[in-house]
Amino acid sequence: MTDFSTITACGECCVGCSKKIDGLCPGCIEADGRVPEWAQSGMCKVHACCKEHNARFCGLCSEFPCDKLPQMISWNPEIIKHLSALRDEYICSSLSGKYTVRKLSEADIPKALSLCEKNTLYYQYCPPFVSEQSIRDDMNALPPGKTMTDKYYVGYYDEDRLIAVMDLIIGFPDKTTAFIGFFMTEVDAQGKGLGSALITELTNAMSGIGIKEVRLGWVKGNPQAEHFWKKNGFAETGATNETDKYTVVVARRGLQ
Ligand code: SF4
Ligand code: SF4
């Protein structure tokens, strides 16, 4: 597991660098970007840009992956891939202190289906009933203007047991908002505080990366969903979205 306190703005780690060990460079975190490599310009441009964007490292910036990154970090041709992997690790690990959270893939679909198909009430209000294909479709679905970089279709694992699934889009519908498209815990865990605990951790995690608001929707008339989200601090915005089968009530929660 990465120790993010040692990760620099550009996604490097100064620990173990021979220049630092030999006292030739203080390390850019310690020196706030003012290291010998960048003495001429005063401060490393990547470090300065992260400060300006209030991002711990580029992968957590609301502009990531910006057009200037490949040129700013020209010494690493795999920089977007490298920072994306760090971003995923940082975000997934911040979603739960207790469970292992990771982006779900094709191999997880049978477990996700098994979790979802026991929640029959949900699909009464939100048809059609879940299938392997509907999970696969949701896993790849993106709202307009977003890419897979911002999509976290994640599973919460208690060892090898999948206990919850969430579809989260960061930076939608605007840069400082996160959108929960789907959230479901296993039926046996419902009513025991698990869902609320995971939402608390999610809101803390989003707040930590500069997100100011979380949005979601519930199907009008689903009392269980409405009660859960209201209990967790979400309030109706007054907006609704119509589909041919049901009406979605849009709700939001502001973050500190
Ligand atoms: S490029 Fe900038 S952020 Fe990256 S290690 Fe060097 S000084 Fe630090
Ligand atoms: S992702 Fe781009 S805009 Fe954001 S801090 Fe890095 S260099 Fe600057």
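About the criteria used
- Residues numbered from 1 in each chain as written.
- Chains lettered and ligands numbered in written order.
- Predicted model: local features only at pLDDT ≥ 70, side-chain atom pairs only at ≥ 80, totals over all residues.
- Heavy atoms only, no water.
- Helix = DSSP H or I, 4+ residues; strand = E, 2+ residues; numbered from the N terminus.
- Contact = heavy atoms within 4.5 Å.
- Areas by Shrake-Rupley, 256 points an atom, 1.4 Å probe, with all protein chains shown as cover.
- Lys, Arg positive; Asp, Glu negative; His and termini not counted.
- Charge placed at Lys NZ, Arg CZ, Asp CG, Glu CD.
- Near = heavy atom within 4 Å.
- Nonpolar A, V, L, I, M, F, W, Y, C, P; charged D, E, K, R; others polar.
- Core = buried A, V, L, I, M, F, W, Y, C linked by side-chain atoms within 4.5 Å.
- Buried < 20%, exposed > 50% of the residue type's maximum accessible area, 1.4 Å probe, protein only.
- Arc of directions from axis to C-beta.
- Domains from an automatic or database assignment.
- Buried area = accessible area lost by both parts, 1.4 Å probe.
- Salt bridge = Lys/Arg side-chain N within 4 Å of Asp/Glu carboxyl O.
- Polar contact = N/O pair within 3.5 Å; in protein donor to acceptor, adjacent residues only side chain to side chain.
- Axes fitted to C-alpha atoms, helices over the stretch in contact; angles between N-to-C directions.
- Parallel < 35°, antiparallel > 145°, perpendicular 65-115°, else oblique.
- Left-handed = near helix turned anticlockwise from the far one by under 90°.

On a plain count of helices and strands, the protein chain comes out with nine helices and seven strands. Taking the principal axes of the C-alpha coordinates as reference, the protein chain spans close to 65 × 40 × 30 Å. Taking the intrachain contacts of the protein chain between residues at least 6 apart in sequence as the baseline, contacts between residues at least 24 apart amount to 56%. Summing over all exposed atoms, the protein chain offers an accessible surface of approximately 13,600 Å²; the carbon and sulfur share of this is 52%. Taken together, the 28 basic and 32 acidic charged side chains of the protein chain have centroids lying 4 Å from each other.

Moving on, we come to the site of ligand 1. Close contacts around ligand 1 come from Thr8, Ala9, Cys10, Cys28, Val35, Trp38, Cys44 and Trp75, and that covers them all. Taken together, the residues of the shell around ligand 1 sort by class into seven nonpolar, one polar and no charged.

Membership of the largest hydrophobic core comes to 56 residues, with the highest contact counts inside it found for Tyr156, Ile180, Met206 and Trp229. Apart from the residues within four sequence positions on either side, Ile180 is in contact with Met166, Asp167, Leu168, Ile199, Leu202, Val214, Arg215, Leu216, Gly217 and Trp229. Membership of the second largest hydrophobic core comes to 16 residues, among which are Leu104, Ile109, Tyr123 and Tyr157.

Neighbouring residues of ligand 2: Cys49, Cys50, His53, Cys58, Cys61, Glu63, Cys66, Lys68 and Met72. Broken down by class, the residue content of the shell around ligand 2 amounts to six nonpolar, one polar and two charged.

Let us now look at helix α2 (residues 45-52). Restricting attention to buried positions, one finds in α2 the residues Val46, His47, Cys49 and Cys50. Looking down the long axis of α2, one finds its buried residues gathered within 165 degrees of arc, a one-sided arrangement. Along α2, exposed side chains directed more than 90 degrees from the buried face belong to Lys45 and Glu52. In the core, the buried residues of α2 are packed alongside α3 (69-72). Asn54 lies just past α2 and shows a positive phi near 55 degrees.

Bringing unusual backbone geometry into the picture now. Only a minority of non-glycine residues have a phi that is not negative, and only a minority of peptide bonds are not trans. Omega for the peptide link from Phe64 to Pro65 comes to -5 degrees, which places this bond in the cis form. Mapped onto the secondary structure, Pro65 falls in the loop between α2 and α3. Following Phe172, the chain continues into Pro173 via a peptide bond in cis, with omega recorded as 5 degrees. Structurally, Pro173 can be placed in the loop between β3 (161-170) and β4 (177-185). Even without being glycine, Asn54 reaches a positive phi, approximately 55 degrees.

The assigned domain composition of the protein chain is domain 1 (4-89) and domain 2 (99-254). Centre-to-centre, using C-alpha coordinates, domain 1 lies 33 Å away from domain 2. Each partner contributes residues to the interface: domain 1 has seven residues there, and domain 2 has seven residues. Summed over both sides, the interface of domain 1 with domain 2 buries roughly 610 Å², with 44% coming from carbon and sulfur. The three residues of domain 1 that bury the most area against domain 2 are Leu60, Arg87 and Asp88, which together make up 60% of that side's buried surface. Where domain 1 meets domain 2, there are three salt bridges. Ionic pairing is found between Arg87 and Asp150, a salt bridge with its closest N-O pair at 3.1 Å. For the interface between domain 1 and domain 2, the tally reads six residue pairs in polar contact (both at pLDDT 80 or more). For the side of domain 1 that touches domain 2, the class distribution of residues is three nonpolar, one polar and three charged.

Moving on, we get to the packing of helix α5 (residues 109-116) against helix α7 (residues 132-140). As a packed pair, α5 and α7 sit with axes 9 Å apart at the nearest point and diverge in direction by 110 degrees. What the angle tells us is that α5 and α7 run roughly perpendicular. Like other packed secondary-structure pairs, α5 and α7 cross with a definite hand, here right-handed. Together, Ile109, Pro110, Ala112 and Leu113 of α5 and Glu132, Ile135, Arg136 and Met139 of α7 make up the contact between the two elements.

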